[in-house]
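# Tertiary structure, described
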Amino acid sequence: MSAESTTAVQRAQVDLLDFVDWSSVECLNYNSSHSLVNALKQGYREDEGLYLESDADEQLLIYIPFTQVIKLHSIVVKGSEEEGPKNVKLFANKEHMGFSNVSDFPPSDTAVLTPENLEGKPVILKYVKFQSVRSLTIFIEDNQSGADITKVQKIVLYGTTVETTDMKGLKKIEEHGH
Amino acid sequence: MVLEATMICIDNSEWMRNGDYAPTRFQAQADAVNLICGAKTQSNPENTVGVLTMAGKGVRVLVTPTSDLGKILACMHSLEIGGEMNLAAGIQVAQLTLKHRQNKKQQQRIIVFTGSPVKYDKKVLEAIGRKLKKNSVALDIVDFGDDDDKLEKLEALLSSVNNNDSSHIVHVPPGSDALSDVLISTPIFTGDGEGGSGFAAAAAAAGGVSGIDFGVDPNLDPELALALRVSMEEERARQEAAAKRAAEETARHEKGEQPLNSQDANMTEVGSITAPESENKRNDLMDDEAALLEQAIAMSMDDAKSGPSVDTDMLEATREDQDLAFALQMSVQDGAKDSATQTEMSKVLGDQSFLSSILGSLPGVDPNDPSVKDLLVSLQGQSEQKEDEDKPPSEDER
């Protein structure tokens, strides 16, 4: 693991899509015709017409386990200007959370998404909090306009694996103003 | 075959004394609960079911979700009628117990029996429904008793919970039909469009007749009837699988299994504490008893071995002693395996040259010894004789 680029604090981060354990991914309060797959999976998330939508109210609880331990660096959450998510809380390594216990422990990190973020600007997370992550829980508390339904177009997770860094898979991410 | 954790909310309010459902609303409800528990645990062995009561002094959880049918049946005995039903609290407590289920992979389901008036507002019920939907809990409502006000509220509750038709409501009008019979044909029993499980189909067939199947009136003793029904169903399924292998014995099986069925029912009733064990043992015992019967019959035709006769005697003793039954099961399992390999062995034994080479390798045995040679010949002759005997009886039976 040679640190060849001396400039960046973050080394080249990888899209963690390959390390998601799809069999145990869960989402609470989603509308069954607009499921989590639409926001996470490779082909689906690029499609404008496919998005993740909430059901009974505007909150969403997404549980993403990984096949190996990873370090999470940043996330991209894309959505529409009105119905896109606003307050997003991230919990590392908390299994099977429910809406009732999201307030029971402090989140590993919180993100308040701006319209820029919703366009695709990544949110840099507190890297120290996500050093060995086995599973990630994303709690979307509300949306930009306070509407009844929250819609998420795309969720991308950037980070690295802990045991091995796959040198072939290294990709630099474009960042505005960093 | 969905993996599910179910909480059943029982209405044990004063309204349950009413006799408009035979014999009383309460009894009809209890029968229905028993049937549902059986169906759930049978459709997937990892399913768990729990029970709570909504009336009485307050909402009380009788059994937390468990796959132990005996525990559930046992707690149904000690129920008392009284008070008023608290639907909202009942559902919320049920949701809480499901949240703390041991196996998080199970889907969550609540089945509510409402046989008395609902005092909550439609709005309150809708809010509860939405909360259930948000936490992906499905809700089934069994509405009985005659109250017009209820109908609208329950329908509203259902529509706020319903997600993709996973929740259902059933209205049971008063009359001579048993509550359980009406439920059998509903999606509550059969699951979401899976088609009737074997249990439901058999129960429906049995229930359609007056119900006196095995000499036991289900009204008098529903648990015994249930146990008999279940064991008969299992036995039937197993027999079909074993039909080819033991064609001539199946006819004798059916005569022999009737007394064995009642024995099994006794065991399930008595052992409520050790019920999970006896359930498994019962299934295993059935397999081994069948194998034993086979051996006994082969023996009677053959006069070859004396081992199985000892086992059939021990079988009598197991009616009382379940520990002995377990030990017996272990030893018989070995015996059962032996009988299966018997025919292969006889072929091997028949090959004389192979046998003599083996004998030659054994210390202290001289293959050229005349007594050894005689033994070989007699073995070969016996195995041929046995095969000949097996064939004509099978032709006679068919």
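Our subject is the structure that appears above.
Below you will find a few notes about this structure.

The rules behind each value
- Residues numbered from 1 in each chain as written.
- Chains lettered and ligands numbered in written order.
- Predicted model: local features only at pLDDT ≥ 70, side-chain atom pairs only at ≥ 80, totals over all residues.
- Heavy atoms only, no water.
- Helix = DSSP H or I, 4+ residues; strand = E, 2+ residues; numbered from the N terminus.
- Buried < 20%, exposed > 50% of the residue type's maximum accessible area, 1.4 Å probe, protein only.
- Contact = heavy atoms within 4.5 Å.
- Areas by Shrake-Rupley, 256 points an atom, 1.4 Å probe, with all protein chains shown as cover.
- Pairing = 2+ DSSP bridges.
- Axes fitted to C-alpha atoms, helices over the stretch in contact; angles between N-to-C directions.
- Salt bridge = Lys/Arg side-chain N within 4 Å of Asp/Glu carboxyl O.
- Buried area = accessible area lost by both parts, 1.4 Å probe.
- Polar contact = N/O pair within 3.5 Å; in protein donor to acceptor, adjacent residues only side chain to side chain.
- Nonpolar A, V, L, I, M, F, W, Y, C, P; charged D, E, K, R; others polar.

### Let's talk about the overall build of chain B
Along its length, chain B carries 15 helices and six strands. With 398 residues in all, chain B has 45% of them scored as buried. Considering only contacts in chain B between residues 6 or more positions apart, those separated by 24 or more positions represent 72%. Accessible surface for chain B amounts to roughly 20,000 Å². Of this, 53% is attributable to carbon and sulfur atoms.

### Observations concerning the sheet that holds strand β3 (residues 60-66) of chain B
Residues and elements named next belong to chain B. The strand order across the open sheet formed by six strands is β3-β2-β1-β4-β5-β6, and the pairing between neighbours is mixed. Strand pairing shows two members of the sheet lacking a second neighbour, β3 and β6 (168-171), which therefore form its edges. Shown here is a sheet whose adjacent strand axes are inclined to one another by a mean of 10°, direction ignored. Packed onto the sheet, helix α2 (residues 69-77) meets β1 (4-10), β2 (48-53) and β3 and runs at close to 165° relative to β3.

### What about the environment of Lys-134 of chain B?
Relative to the elements of secondary structure, Lys-134 of chain B occurs in helix α4 (residues 122-134). The buried category is assigned to Lys-134 of chain B, whose relative accessible area is 11%. Sequence separation between Lys-134 of chain B and Val-161 of chain B is 27 residues, and the spatial gap between their C-alpha atoms is 8.5 Å. The contacts of Lys-134 of chain B, once residues within four sequence positions are left out, are Leu-28, Asn-29, Asp-57, Gln-59 and Phe-99 of chain A.

### Considering the pattern of salt bridges
The full count for this structure, using the stated rule, is 20 salt bridges over all chains. In this structure, Glu-46 of chain A and Arg-45 of chain A form a salt bridge, with 3.5 Å as the shortest nitrogen-oxygen distance. Residue Glu-46 of chain A is classed as partly exposed on the basis of its relative accessible area, which comes to 44%. Overall, the relative accessible area of 5% leaves Arg-45 of chain A in the buried class. Residue Glu-84 of chain B is joined to Lys-119 of chain B by a salt bridge in which the shortest nitrogen-to-oxygen separation is 3.7 Å. Highlighted residues: Glu-84 of chain B in the loop between α2 and α3 (87-99) and Lys-119 of chain B in the loop between β4 (107-114) and α4, separated in sequence by 35 residues. Residues joined in a network through salt bridges with shared partners are Asp-15, Arg-45, Glu-46 and Lys-154 of chain A.

### A short note on the interface of chain A and chain B
Listed as interface residues are 11 residues of chain A and, on the opposing side, 10 residues of chain B. Both sides of the chain A and chain B interface together cover about 910 Å² of buried area, and 46% of this is carbon and sulfur. At the boundary of chain A with chain B, the tally comes to four residue pairs in polar contact (both at pLDDT 80 or more). For the side of chain A that touches chain B, the class distribution of residues is three nonpolar, six polar and two charged.

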